[in-house]
Amino acid sequence: MTRRHDRVLIVGGGPVGSIAALLLARRGIPVTVLERAEDVVLDYRASTIQPPTLDLLEECGATAAMMSMGLVCPVTQYRDRQQGKIVEFDFSALKDDTRHPYRLQCEQFKLVGWAYPELRKIAGVELLLGHEATEISVGQDEVVVAAMTKDGKKVFKGDFLIAGDGGRSLVRKALDIEFEGFTYPEHFLVAGTRYDFKAHMADICSVNYTADPDEWYLLLEIPDMWRIIAPVDRRIEPDEAMQDRYLQNCLQNLLPRPEAYEIAVKAIYRVSQRVALSYRKGRAFLAGDAAHINNPLGGLGLNGGLHDVVNLTARLARVWHGEADLSELDGYEPQRKPEAVNGINAITARNKRLMEERDPAVRARNLDEWRRIAASRELAYQHLLETSMIASLRRSRMLP
Ligand SMILES: Cc1cc2nc3c(=O)[nH]c(=O)nc-3n(C[C@H](O)[C@H](O)[C@H](O)COP(=O)(O)OP(=O)(O)OC[C@H]3O[C@@H](n4cnc5c(N)ncnc54)[C@H](O)[C@@H]3O)c2cc1C
């Protein structure tokens, strides 16, 4: 392939953009990453890394890094706020399907915090923080990005562009690609506390999905604290939900105690189920949240974004090194979009419906269905293959 600029541009240095950069750089492809923030963004969203993601990221070193920073969680529980534990699934059943038969809890900012210094060690990598992309153009044989910096506007040119600039992607909007789907009316609250829930709730494990018609919640153990994710009452303004009174109430409803909870981190998010109509315009490709977003129930969104760039960077490398022609890139969207639509979005939307079901008869049926699945070795195994994303990666032939 003849190249005009000898460089791939990446807009967004979040987890997807920085891992895309690393995967390309490790294959000898020069990259420029344009990141709006001045430093690693302390983002309290993703912490769950799924088994096949750990398998796929071994080669670039990210898996070893995350294993050293994360918490191994082999068991997941489905609970009901009134009835307590309903069922438990053990990822060890996947031991013949993955080299990592567990969920790893490792916050996304730790992955980015590891990736930046790794990128800086590699010749040909430009990691430009404080660079906010503002204009994009995609030509026959080049891509051009204008970015605002503290020294004014700068222009960058490259041969290909990867958009890793998140759900509100400027690149996706500039390329006029529709983001089909909907936004949930309620916000999602994330609160972190060092209170040791395991010491006081005898039967929980590290990953606990708890259904409730009024306030479902996800209680997660991460390396140095517990995280709760819960919906915010639609009548409450997001600002109010971030106040101590609301947060304390939420935690006291979960586990009452005489003292107030120490709240170490808090954040509030708008959540949508959307997938881009197209993942590509010419030499520009969408990946991660720029291409698909979903609710956090299942811990799948970031994982899917990382699978996107494993696929895309391998294709770009084959083209770059002359092992394939440009038509190689046509395979990206057909291989990746189905996982977003039929895997990630379908599973997370179903999980939310299960967690928040209000009709008592339907709720009872849902709990029975969980019990039926957990009681059968084969059904439990199939459930684990789906929820760990192994099944969808096999369907799309990203895994054997
Ligand atoms: C509460 C919650 C919990 C979640 N938990 C999980 C989980 O456990 N597991 C999981 O797999 N997923 C989870 N997710 C989803 C996950 O957080 C996202 O899928 C993930 O952050 C997407 O990564 P990304 O790099 O594509 O986008 P982002 O993380 O949004 O990063 C985008 C980057 O681009 C930069 N940027 C944006 N615009 C520009 C611009 N114009 N120019 C330059 N830079 C720009 C931003 O500063 C940012 O650094 C969760 C989501 C929520 C809301």
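Everything discussed here concerns the structure shown above.
Within any chain, residue numbers begin from 1 and follow the written order of that chain's sequence. Only residues with pLDDT of at least 70 get local features here, since the model is predicted, and only at 80 or more are side-chain atom pairs given and counted; chain-wide, interface and lining totals rely on the full set of residues. Side-chain measures here rest on the full set of heavy atoms in the structure, leaving out hydrogens and waters.

1. Describing the overall build of the chain
Check the secondary structure of the chain and you find 13 helices and 22 strands. Based on C-alpha atoms, the radius of gyration is set beside the globule rule, defined as 2.2 Å times the residue count to the power 0.38. Computed over the C-alpha atoms, the radius of gyration of the chain is 21 Å, within 12% of the 21 Å expected from 2.2 N^0.38 for a compact globule of 400 residues. Across its three principal axes, the chain shows a C-alpha extent of roughly 65 × 45 × 35 Å. Working definition: with a 1.4 Å probe on protein chains only, accessible area under 20% of the residue-type maximum means buried, over 50% means exposed, and in between means partly exposed. For the chain, buried positions account for 58% of its 400 residues. For this analysis, residues touch if any pair of their heavy atoms sits within 4.5 Å. Here the analysis covers contacts within the chain between residues at least 6 apart in sequence; of these, 72% occur between residues at least 24 apart. Summed over its atoms, the accessible surface of the chain is roughly 16,900 Å², and 50% of this surface lies on carbon and sulfur atoms. We treat Lys and Arg as the positive residues and Asp and Glu as the negative residues; His and chain ends play no part in the count. Here the site of a charge means atom NZ of a Lys, CZ of an Arg, CG of an Asp or CD of a Glu. The chain carries 52 positive and 56 negative side-chain charges, and their two centres are separated by 1 Å. Numbering goes from the N terminus for both helices and strands, where a helix is a DSSP run of H or I of at least four residues and a strand is a run of E of at least two. Accessible surface area values rest on a Shrake-Rupley calculation with a 1.4 Å probe, where residue burial reflects the displayed protein chains alone.

2. Thoughts on the nonpolar core
The nonpolar core is taken to be a set of buried Ala, Val, Leu, Ile, Met, Phe, Trp, Tyr and Cys residues, with the residues joined through side-chain atoms within 4.5 Å. Val8, Ile10, Ile19, Met66, Leu161 and Ile162 are the most contacted members of the largest nonpolar core, which has 112 residues in total. For this core, the leading source of residues is helix H9 (residues 301-320), giving nine residues. What isoleucine 162 contacts, discounting residues up to four positions off in sequence, is Val8, Leu9, Ile10, Val11, Ala20, Leu24, Phe285, Ala287, Leu312 and Leu316.

3. Some thoughts on the sheet that holds strand E6 (residues 84-90)
Any two strands between which DSSP finds at least two bridges are classified as paired. With mixed pairing, the seven strands of this open sheet are ordered in space as E6-E5-E15-E16-E17-E14-E18. What marks the edges here is a single partner per strand, and that holds for E6 and strand E18 (265-269). Neighbour to neighbour, the strand axes of the sheet diverge by 15° on average, direction disregarded. Strands in contact with helix H11 (residues 360-375) are strand E5 (75-80), E6 and strand E15 (207-211); relative to E6, the strand with the most contacts, it is inclined by about 35°. Interaxial angles span 0 to 180 degrees and are taken between N-to-C directions of axes, which are lines fitted to C-alpha atoms, for helices over the stretch in contact.

4. Examining the sheet that holds strand E9 (residues 132-138)
Taken together, three strands build an open sheet; the order of strands is E9-E10-E11 and the sheet is antiparallel. The outermost strands of the open sheet, each flanked by one partner alone, are E9 and strand E11 (152-158). The mean inter-strand angle of the sheet, taken between neighbouring strand axes irrespective of direction, is 20°. Pairing of strand E10 (residues 143-149) with E11, which is carried by seven bridges, proceeds in the antiparallel orientation. Looking at E11, one finds that alanine 146 is bridged to valine 155.

5. Looking at the pairing of strand E1 (residues 8-11)
Every second residue of E1 is oriented toward a common face, with Val8 and Ile10 on one face and Leu9 and Val11 on the other, all of them buried. Where E1 lies against strand E12 (residues 160-163), four bridges are found, and the strand directions are parallel. Residue pairing across strands places leucine 9 opposite leucine 161, the latter belonging to E12. Looking at chain direction, E1 and strand E2 (residues 31-35) are connected through four bridges and run parallel.

That is the geometry; function is a separate question.
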